[in-house]
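Read off the chains here:
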Amino acid sequence: MTVETKLTVTAEDVRSFSEAQSEPSWLTELRERALADVENLPMAKPDKTNIEKWNFTEFPSLLVESAPFASLEDLPAEVKAIVDIEGQQNIYIQRNNTPAFLQLSEDLAAQGVILTDIHTAAREHSELVQKYFMTEGVEVNQHKLTSLHAALVNGGVFVYVPKNVVVEEPIQAIFLHDNEDASLFNHVLVVAEANSSVTYVENYLSTMEEAKGQANIISEVIVNDNAKVTYGAVDVLAKGLTTYVNRRGILHRDATIDWALGLMNDSDTISENITYLKGDGSHADAKSVVVGRGEQSQNFTTEVRHWGKASNGYILTHAVMKDAARAIFNGIGKIEHGATKADAEQESRVLMLSKDARGDANPILLIEEDDVTAGHAASVGRVDPVQLYYLMSRGISKTEAERLVIHGFLAPVVNKLPIEGVKKQLTEVIERKVR
Amino acid sequence: MSTLVIKDLHVEIEGKEILKGVNLSLNTNEVHAIMGPNGTGKSTLASAIMGHPKYEVTSGSITLDGEDVLAMEVDERAKAGLFLAMQYPSEISGVTNADFMRSAINAKRGEGNEISLMKFIRELDEKMDYLEMPEEMGQRYLNEGFSGGEKKRNEILQLMMLKPKFGILDEIDSGLDIDALKVVSKGINAMRGEGFGCLMITHYQRLLNYITPDHVHVMMQGRVVKSGGEELAQRLEAEGYDWVKQELGIEDEEETTGQEA
Ligand SMILES: Nc1ncnc2c1ncn2[C@@H]1O[C@H](COP(=O)(O)OP(=O)(O)OP(=O)(O)O)[C@@H](O)[C@H]1O
Ligand SMILES: [Mg+2]
């Protein structure tokens, strides 16, 4: 392997980092073990993208200090634009590696809802975090990148919704990346206990043109019996980072998750969104939209894996590729033996805006049970000239017609985002990227 | 008054000549009907006027008040005052009907002269009401999942919102139930007058009972072979096309039938 990882972080660094955060010993030990394993574990192998030459291990600094924000009024303009300053009650803002602002309504706090940065969570809710941190969801030892993540977690957020609690207003997390030396080893842990429901929306937002360093992000979402999670995300990370982002859902009986992911990074990116439908009657809706541009190379995997009987998984990926960008879109529906009456459907569509761009839709159905339904549709094509003709025949210019078709094509995720500012932001990012 | 003149128009699709010299002249304040057997080039004519990318005009001319329509881009033709209600309107996912219509109106009005949102909504509501379309259709994606008849109504809604000089209506009556036909006809009749001319392609006399044409043309084998008044349509309805063929000595071609894709 060519990436003989020049990992400059030592066991001593990890231990002292953990101690500086006053982490419980289980976490310090977990980090140490993970770091020791990095070297021996295989590299992640995203299907059809060769990442041998990608640099996942070098970065300027594990911890950059940034100034927190005293109030939402002090936020920089780019962040203000995505926050409803008056209305947003429940919000966590992280600036590079620093927890920079936190607000949770008294009402939710009184009901036992937890919203806090991951370090505080490990200290103050050690048992809960230990129960869910890389246990049911992503394995520490899955590959080099997961173990590296576990060893180096330097940010993230913990959202906990107790039994029967329905959180009406969305919980928002913003990961602001405004220091080019910062690396984001963020861990997001969302736990929805039985019969609860919550909407969580996160933004990854780089404000510089070009950065150095790593984004190695893992989200684990545990949805217990009959609970419902809506998970929205808009990723806008800068060129120059190497991004590995892994969003994992674990669903128990009759649980539901709706993913709406706007994957707009300018960095080379490996993005995984995998949902385990463990419980009977569980349901996943995994929607993502992508715009690839410039010279970037990306690999997207959306997978729904069925163990539960009568579990439903729907995957939708719509991507626009321009310039000389390259991307692979793996859509995987996997039905395990015993998951009778499961339904696995997927649709991947890629719209090519330039002849130098490459986009491959790679739909896969793996079915080990007879009594199921499954289907997929995949297409790679250009903007339909007959659609353009139709719009233009009403006086709309070609440029505007193309714009309408492209925005329409990416609407399935835009329209799903429950926070108005974030919806608007994604629309603007799309606007900027496809122009 | 405006005039649309089509002279000796020849049109090919994928190398196959479909229109073989069409001549037709329309004024505002007139309603023309075109009838003719399936596959004879009626939609081809409509598409060529509007500038469909698949249809290639090989010779002849189309002018609107002396301006060369064939030299215009599709959107310019619309801005010049042409409108085509299509036989098979496109579906465009993710773009709401209302947003689309506002873009279209604003494109025509030009930058700096955009319609106010209030005024737009008022006008859209009013026209949708007139066409008995449920309000939610404004927020649906453009033609996506619309029934055949709903698509036709939506074409007429656009016609009424955009107020062109010439409306070309390609089988606007097909797929409409009787009540809808009445409603749509009412809409078109309301537009009749000094500033509006209409070219209706239809297979059935029924539409012409509601919208009385000033001129009726018969198209066969890529040409307008016969023109007349309202009575021509009645005779076609009663007797079919054989007598026209006999009268004009037209022989059936090897392959005249076929459906548009
Ligand atoms: N892509 C194509 N390649 C070859 N021939 C085509 C193509 N598209 C259309 N045609 C043919 O052009 C001819 C004229 O079609 P057009 O749609 O203009 O007929 P029409 O008069 O509108 O018929 P209808 O009454 O059925 O709507 C038909 O014979 C049709 O098969
Ligand atoms: Mg036709």
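Criteria and thresholds
Residues numbered from 1 in each chain as written. Chains lettered and ligands numbered in written order. Predicted model: local features only at pLDDT ≥ 70, side-chain atom pairs only at ≥ 80, totals over all residues. Heavy atoms only, no water. Helix = DSSP H or I, 4+ residues; strand = E, 2+ residues; numbered from the N terminus. Rg over C-alpha atoms; globule rule 2.2 N^0.38 Å. Buried < 20%, exposed > 50% of the residue type's maximum accessible area, 1.4 Å probe, protein only. Contact = heavy atoms within 4.5 Å. Areas by Shrake-Rupley, 256 points an atom, 1.4 Å probe, with all protein chains shown as cover. Pairing = 2+ DSSP bridges. Donors = N, O, S within 2.8 Å, 3.2 Å for Na, K, Ca; no water. pLDDT = per-residue confidence, 0-100. Axes fitted to C-alpha atoms, helices over the stretch in contact; angles between N-to-C directions. 1 Å grid on protein atoms, 1.4 Å probe; cavity = no way out; pocket = protein on both sides within 12 Å on 5 of 7 lines; lining within 4 Å. Points joined across faces, edges and corners; volume = space filled by probe spheres on them. Nonpolar A, V, L, I, M, F, W, Y, C, P; charged D, E, K, R; others polar. Parallel < 35°, antiparallel > 145°, perpendicular 65-115°, else oblique. Left-handed = near helix turned anticlockwise from the far one by under 90°. Salt bridge = Lys/Arg side-chain N within 4 Å of Asp/Glu carboxyl O.

Caption draft 1: View of the overall build of chain A. Helices and strands together make up the secondary structure of chain A, namely 10 helices and 19 strands. The C-alpha radius of gyration of chain A comes to 21 Å, within 12% of the 22 Å expected for a compact globule of 435 residues. Structurally, chain A occupies a C-alpha span of about 65 × 50 × 50 Å along its principal axes. Across the 435 residues in chain A, those meeting the buried criterion constitute 63%. Contacts spanning at least 24 positions in sequence make up 83% of the contacts within chain A whose residues lie at least 6 apart. When the accessible surface of chain A is split by element, carbon and sulfur atoms take 46% of a total near 16,000 Å².

Caption draft 2: The arrangement of the overall build of chain B in detail. Helix and strand counts for chain B stand at 9 helices and 12 strands. In terms of overall dimensions, chain B is globule-like: its C-alpha atoms have a radius of gyration of 18 Å, near the 18 Å expected for 261 residues. Projected onto the principal axes, the alpha-carbon positions of chain B cover approximately 60 × 40 × 35 Å. By the burial criterion, 53% of the 261 residues in chain B qualify as buried. Long-range pairs, those at least 24 residues apart, make up 70% of the contacts in chain B between residues at least 6 apart in sequence. For chain B, the accessible surface area stands at approximately 11,600 Å², while carbon and sulfur atoms represent 45% of it.

Caption draft 3: Up close: the sheet that holds strand 1 (residues 3-13) of chain B. Residues and elements named next belong to chain B. Spatially, 4 strands are ordered 2-1-4-5 in an open sheet, and the strand pairing comes out antiparallel. Sheet topology places strand 2 (16-27) and strand 5 (67-68) at the edges, where each strand pairs with a single neighbour. Bridge count between strand 1 and strand 4 (residues 55-64): 8 bridges; the pairing is antiparallel. What sits directly across from I13, in strand 4, is Y55.

Caption draft 4: Seen up close, the coordination of the magnesium ion (ligand 2). Residues and elements named next belong to chain B. Taken together, the protein donors to the magnesium ion (ligand 2) comprise S43 (OG) and Q87 (OE1), at separations of 2.0 to 2.2 Å. Pair noted here: S43 is in helix 1 (residues 42-50) and Q87 is in the loop between strand 6 (82-85) and strand 7 (92-96), with a separation of 44 residues, a long-range link. Neither residue differs from the other here; S43 and Q87 are each classed as buried.

Caption draft 5: Highlighting the confidence of the model for chain B. On average, residues of chain B score 94 in pLDDT, and 97% of them are at 70 or above. Across the whole predicted complex the pTM is 0.92, and at the interface the ipTM reaches 0.95.

Caption draft 6: Looking closely at the sheet that holds strand 9 (residues 166-170) of chain B. Residues and elements named next belong to chain B. Taken together, the 6 strands give an open sheet; going across it, the order is 6-9-10-3-11-12, and neighbouring strands pair in mixed fashion. Every other strand in the sheet has two partners, leaving strand 6 and strand 12 (223-228) as the edge strands with one partner each. Strand-to-strand twist in this sheet, taken as the mean axis angle between neighbours without regard to direction, amounts to 20°. One ladder, built from 5 bridges, connects strand 9 with strand 10 (residues 197-201); its direction is parallel. When the sheet's bridge partners are listed, G167 is paired in strand 10 with C198. Helix 1 contacts strand 3 (31-35), strand 6, strand 9, strand 10 and strand 11 (215-220) of the sheet and is inclined by roughly 145° relative to strand 6.

Caption draft 7: Up close: empty space enclosed by the protein. This model, assessed by the stated rule, comprises 3 cavities of 30 Å³ or more. Reported here for the largest cavity is a volume of approximately 60 Å³. Looking at the lining of the largest cavity, the elements with two or more residues in it are helix 2 (74-80), strand 6 and helix 3 (97-109) of chain B. Across the lining of the largest cavity, the residue classes tally to 6 nonpolar, 2 polar and 3 charged. What lines the second largest cavity is E23, L27, R31, I118, H119, A122, V129, F133 and V153 of chain A.

Caption draft 8: A look at unusual backbone geometry. A positive phi angle, close to 65°, is found at K341 of chain A, a residue other than glycine. Within the secondary structure, K341 of chain A sits in the loop between strand 16 (326-335) and strand 17 (343-352). One non-glycine residue with positive phi stands out, namely N143 of chain B, at about 60°.

Caption draft 9: Structural view of the packing of helix 8 (residues 385-392) of chain A against helix 9 (residues 398-414) of chain A. Residue and element names in this part refer to chain A. Across the interface, helix 8 lies against helix 9 with an axial gap of 9 Å and an inter-helix angle of 120°. In terms of their interaxial angle, helix 8 and helix 9 are classed as oblique. Crossing of helix 8 over helix 9 shows right-handed handedness. In this structure, helix 8 uses Q387, L388, L391 and M392 to contact helix 9, whose residues at the interface are K398, A401, E402, L404 and V405.

Caption draft 10: Highlighting the pattern of salt bridges. Counted according to the given criterion, the structure contains 33 salt bridges over all chains. The partner of D235 of chain A in a salt bridge is R247 of chain A, with the nearest N and O atoms 2.7 Å apart. With a gap of 12 residues between them, D235 of chain A in strand 9 (residues 228-236) and R247 of chain A in strand 10 (residues 242-251) connect regions that are remote in the sequence. No difference in accessibility class separates D235 of chain A from R247 of chain A, as the two residues are buried. Close ionic contact of R235 of chain B with E239 of chain B constitutes a salt bridge, the shortest N to O distance being 3.2 Å. Here E239 of chain B and R235 of chain B lie together in helix 8 (residues 230-239), a separation of 4 residues that amounts to about one turn. Judged by relative accessible area, which is 35%, R235 of chain B ranks as partly exposed. We classify E239 of chain B as partly exposed; its relative accessible area is 46%.

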